[in-house]
Amino acid sequence: MFLLAGALIVAAVTAFMARTLIAGSSAPQATAQAAPPPVVSGVEVLVATKALPVGTILDATSFKYQPWPQQMVEGAYFVRKDGFDPKSLQGTVVRSVITAGQPLTQGALVKPGDRGFLAAALTPGMRAVTFPVRNENSVGGFVFPGDRIDLMLSQTVAGGGDGPPLKVSETIMKNLRVLATDQRTTTDVDEQGKTIVKNISMVTIEATPSISEKIAVARTLGDLSIVLRPLADSAGELDQAIADGSVKVAEGKNGKTDTVASADTQPSAGKTSFATGADVSRFQRRTVPGKAEGSGGGQTAGTPTGYPGASAGPTVRVARGNNVTDVSVGGKK
């Protein structure tokens, strides 16, 4: 009886311990082993890091080396090898569309100095326009091909009245892309890789046909100055353009992003801002000096001073632009 009771106690303790172990242990979980990265047996070629439309001027962020299968390498690719410097492609222009991740080909690029380089740099529908600027009006030479600028016109309006002429300056065009400065279409660097700043006297920009005509007229009116725009302009100007309907937001998930990218590349003219001499100095005019009708000098009997031919008696002085006339409203002669 004692042996039977002891066996029962041992069995009960063993069953309790086994149940505790089974309940305390967590269920096994299957873990997936990460597959090793595929090994590409081939060479490294230059590929585009982003979409490059026609007319894009390449810079250091436009391409990179990437492994490429040996059997898919073509002779037109830029392959990593001794003696080839990728920096030599900076400043070249895309002649045909290159998608992101696509290898660069020699036929898709035009180098500075090659025939058709400037034509390839132009966006479809645009024109290249060159105009002179003085050194003091060229941002001290800190304008390079690929930058975006605004164009400002300063002129003196003589009018016909007494006093000094009206001095005014206004921004007539915005967001113009610089294609070349003088005869340079690339940025010069020294032996340490630093940009060389030079005074410029001629600027070639990209503009629509209508803006090109306005620039040709502006050259005859006064002095032209260029104003450098930031790389990432504020969104306030775009929001205002969307509000007044001059810019339409593209449809789709990335509509606002596509609109910003499109607006950043479009030059504009028409909505100008200006400042007159009175905005700078209290001793300058705010409007064009008035001009009396005729050029007579002396006073005619029975007529107001300086207005020959005006009728005697009550008159009303009427100003139409720069012309001022006296109109008789009755009375005895």
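Check the entry above for the structure.
Values in this document were obtained by computation on a predicted structure and should not be read as measured data.

Peer 1: Could you give an account of the overall build of the protein chain, with specific residues and numbers?
Peer 2: Within the protein chain, the regular secondary structure consists of 5 helices and 13 strands. Across the 333 residues of the protein chain, 28% fall into the buried class. In the form shown here, the protein chain has an accessible surface area of approximately 21600 Å², with 56% of it arising from carbon and sulfur atoms.

Peer 1: Explain unusual backbone geometry to me, using residue names and the numbers behind them.
Peer 2: Trans peptide bonds make up the majority, and among non-glycine residues the majority have a negative phi. Residue N175 is not a glycine yet carries a positive backbone phi of 60°. The residue N175 is located in strand β7 (residues 166-181) in this model. Exposure remark for N175: the relative accessible area of 8% places this residue in the buried category.

Peer 1: Summarise the pattern of salt bridges; cite the residues concerned and give the values.
Peer 2: Throughout the structure, instances matching the rule amount to 6 salt bridges. One salt bridge in this structure joins R80 and E44, with 2.5 Å as the shortest N-O distance. Linking R80 in the loop between β2 (63-69) and β3 (93-94) with E44 in strand β1 (residues 42-48), this pair joins segments that are 36 residues apart in sequence. Two residues, R229 and D150, come together in a salt bridge whose shortest N-O distance is 2.9 Å.

Peer 1: Please provide a residue-by-residue account of a nonpolar patch on the surface, values included.
Peer 2: On the surface, a cluster of nonpolar side chains totalling about 440 Å² of accessible area is made up of I9, V13, F16 and M17. Of note, F16 is situated in helix α1 (residues 2-24).

Rules used throughout
- Residues numbered from 1 in each chain as written.
- Predicted model: local features only at pLDDT ≥ 70, side-chain atom pairs only at ≥ 80, totals over all residues.
- Heavy atoms only, no water.
- Helix = DSSP H or I, 4+ residues; strand = E, 2+ residues; numbered from the N terminus.
- Buried < 20%, exposed > 50% of the residue type's maximum accessible area, 1.4 Å probe, protein only.
- Areas by Shrake-Rupley, 256 points an atom, 1.4 Å probe, with all protein chains shown as cover.
- Salt bridge = Lys/Arg side-chain N within 4 Å of Asp/Glu carboxyl O.
- Patch = residues over 30% accessible without salt bridge, like charges linked within 9 Å, V, L, I, M, F, W, Y side chains within 5 Å.

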